[in-house]
Amino acid sequence: MKVSEALASRISARAFLDKPVEKEKIMAILEGAARAPSGGNLQPWHVWVIAGEELARFKALIAERMKTTPGGEETEYHIYPPNLKDPYRSRRYKCGEDLYATIGIGRDNKPARLMQLAKNYQFFGAPAAMFFAIDRDMQEGQWADLGMYMQSIMLLAREYGLHTCPQEAWARWHSAIREFVGMPPELMLFSGLAIGYLDEAHPINTLRTDRAPFDEYVSFRGL
Ligand SMILES: Cc1cc2nc3c(=O)[nH]c(=O)nc-3n(C[C@H](O)[C@H](O)[C@H](O)COP(=O)(O)O)c2cc1C
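Residues numbered from 1 in each chain as written. Predicted model: local features only at pLDDT ≥ 70, side-chain atom pairs only at ≥ 80, totals over all residues. Heavy atoms only, no water.

### Section: the site of the ligand
- Taken together, 15 residues form the shell around the ligand, and within it Ser12, Arg14, Glu168, Ala169 and Arg211 come nearest.
- At 2.7 Å from an oxygen atom of the ligand is found a side-chain nitrogen or oxygen belonging to arginine 14.
- One of the side-chain nitrogen or oxygen atoms of threonine 209 is found 2.9 Å away from an oxygen atom of the ligand.
- For the ligand, the protein covers 73% of the area, taking 610 Å² as the surface of the free molecule.
- Take the shell around the ligand: its biggest share by element is three residues, from strand S3 (residues 163-167).
- Among the residues forming the shell around the ligand, the class breakdown is seven nonpolar, four polar and four charged. (Near = heavy atom within 4 Å. Polar contact = N/O pair within 3.5 Å; in protein donor to acceptor, adjacent residues only side chain to side chain. Areas by Shrake-Rupley, 256 points an atom, 1.4 Å probe, with all protein chains shown as cover. Helix = DSSP H or I, 4+ residues; strand = E, 2+ residues; numbered from the N terminus. Nonpolar A, V, L, I, M, F, W, Y, C, P; charged D, E, K, R; others polar.)

### Regarding the packing of aromatic side chains
- In the structure shown here, the tally under the stated rule is 15 aromatic pairs.
- Pairing phenylalanine 58 with phenylalanine 123 gives two aromatic rings, centres 6.4 Å apart and planes at 45°, and the pair type is tilted. Placement of phenylalanine 58 in helix H3 (residues 52-68) and of phenylalanine 123 in the loop between helix H5 (110-118) and strand S2 (128-135) is noted, with a sequence separation of 65 residues between them. There is no split in this pair, since phenylalanine 58 and phenylalanine 123 are both buried.
- Judged by centre distance (6.2 Å) and plane angle (85°), the rings of phenylalanine 214 and tyrosine 217 are edge-to-face. (Phe/Tyr/Trp six-rings, centres within 6.5 Å; stacked < 30°, edge-to-face > 60°. Buried < 20%, exposed > 50% of the residue type's maximum accessible area, 1.4 Å probe, protein only.)

### With respect to the sheet that holds S2
- The strand order across the open sheet formed by four strands is S1-S2-S4-S3, and the pairing between neighbours is antiparallel. This sheet does not close on itself; its edge strands, each paired only once, are strand S1 (46-51) and S3. Neighbouring strand axes in the sheet, compared pairwise and without regard to direction, differ in orientation by 20° on average.
- Against the sheet, helix H6 (residues 140-159) makes contact with S1, S2, S3 and strand S4 (187-196), and its axis sits at roughly 10° relative to S4, the strand it touches most. (Pairing = 2+ DSSP bridges. Axes fitted to C-alpha atoms, helices over the stretch in contact; angles between N-to-C directions. Contact = heavy atoms within 4.5 Å.)

### Points about the packing of helix H2 (residues 23-33) against H6
- Remark: H2 packs on H6, axes separated minimally by 9 Å, with the N-to-C direction vectors making an angle of 135°. By the angle between their directions, the pair H2 and H6 is classed as oblique. Read as a crossing pair, H2 and H6 show a hand that is right-handed. Judged by residue contacts, Ile29, Leu30, Gly32 and Ala33 of H2 engage Tyr149, Ser152, Ile153, Leu156 and Ala157 from H6.
- A class-by-class count of the residues in the contact of H2 with H6 yields seven nonpolar, two polar and no charged. (Parallel < 35°, antiparallel > 145°, perpendicular 65-115°, else oblique. Left-handed = near helix turned anticlockwise from the far one by under 90°.)

### As for unusual backbone geometry
- Here the amide bond leading from aspartate 86 into proline 87 is cis, since omega sits at 10°, within 30 degrees of zero.
- Inspection of the secondary structure puts proline 87 in the loop between H3 and helix H4 (88-102).

### Details of the pairing of S4
- Among the ten residues that make up S4, ten are buried, leaving the element largely enclosed by the rest of the structure.
- Summarising the sheet, S2 and S4 pair through eight bridges and their orientation is antiparallel. Following the sheet pairing, alanine 133 is matched in S4 by leucine 189.
- As paired elements, S3 and S4 share five bridges and run antiparallel to each other. When the bridges of S4 are listed, threonine 164 appears paired with isoleucine 195.

### Thoughts on the pairing of S2
- Buried residues dominate S2, accounting for seven of its eight residues.
- Examined bridge by bridge, S1 and S2 share six bridges and lie antiparallel to one another. Directly across from histidine 46, in S2, lies its bridge partner alanine 133.

### Considerations on H2
- Of all the positions in H2, only Ile26, Ile29 and Ala33 are classed as buried. Each buried residue of H2 lies within a common arc of 65° when the element is viewed along its axis, so the set occupies one face. Those residues of H2 that are exposed and aimed more than 90 degrees away from the buried face are Lys23, Glu24 and Glu31.
- Lining the buried residues of H2 we find S1, S2, H6 and S4. (Arc of directions from axis to C-beta.)

Take a look at the structure:
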C-alpha cells in the first residue's frame, strides 16, 4: 500500500467487526511506528495495548462507573481550548453535525447523541485498544511527537487491513485507566485508540470529513 493510499483510506472508524486482531499485526504496527520521528529522538511515548478478556474486563469496569458518573472524570488537560474560536469552532460543530447525520440523529435528539458519544467508552466495539501517555514534564514539542507516533500507528494499521479511531474521550477516565493499567503518577494519559476491522456496513463509517482549502492555512512563497 502506498503512503498516499494509507492516508486517503484512514478514517476515524466508529463501528468495528467482532473479529479479533492478530497479535502479529499489532506487533508489526508497533515495530513500524517506533520509527516515528521525535525531537532529539526522545521517543516520549508510553503505550498500553489491551485486547481479549482484559479488554472485556476494562469495558465492564467503565460501564459500571458510568452508572454513577455518566460524564466521567475531570480531564487532566484541556481537550480543546476553553473558548474555542473560529474557524476551529465551526469546523468542530460541522464535524459533529455530519457525524450524527450519518446515523439519522437530529440536532435536538440529545439522548441519542449522548448514547452515541458513550460508544467511545466501549471502543466502538473494537476488539483491541491502545492507550497513550506522556511524562508530565514533557513540553509542547513532545506532545507533537506523540501525535506523530499515533499517526504512524494509524497509517500502518491501514497497511495491515485494519482501521482505527483515536479517542481523546478517554481523557475523561484517566484515573480508571491509570488504576487498570498501573500507570505511574508521573505519566499523563493523552488518548485512547480503538483498532480492529472496519464494519463497512455500518452507516456511521460512511462519514468522510471535509478539509479546509489551502487558502485558509497555507502560504506559498517562491513556489
Ligand atoms: C487526538 C485525537 C483524538 C480524537 N478523539 C476522538 C474521540 O474521542 N472520539 C471520536 O469519535 N473521534 C475522535 N477523534 C477523531 C476526530 O474527530 C477525526 O479525526 C476528525 O473528525 C477527522 O475525521 P477523520 O479522522 O475521519 O479524517 C480524535 C482525533 C484525534 C486526532
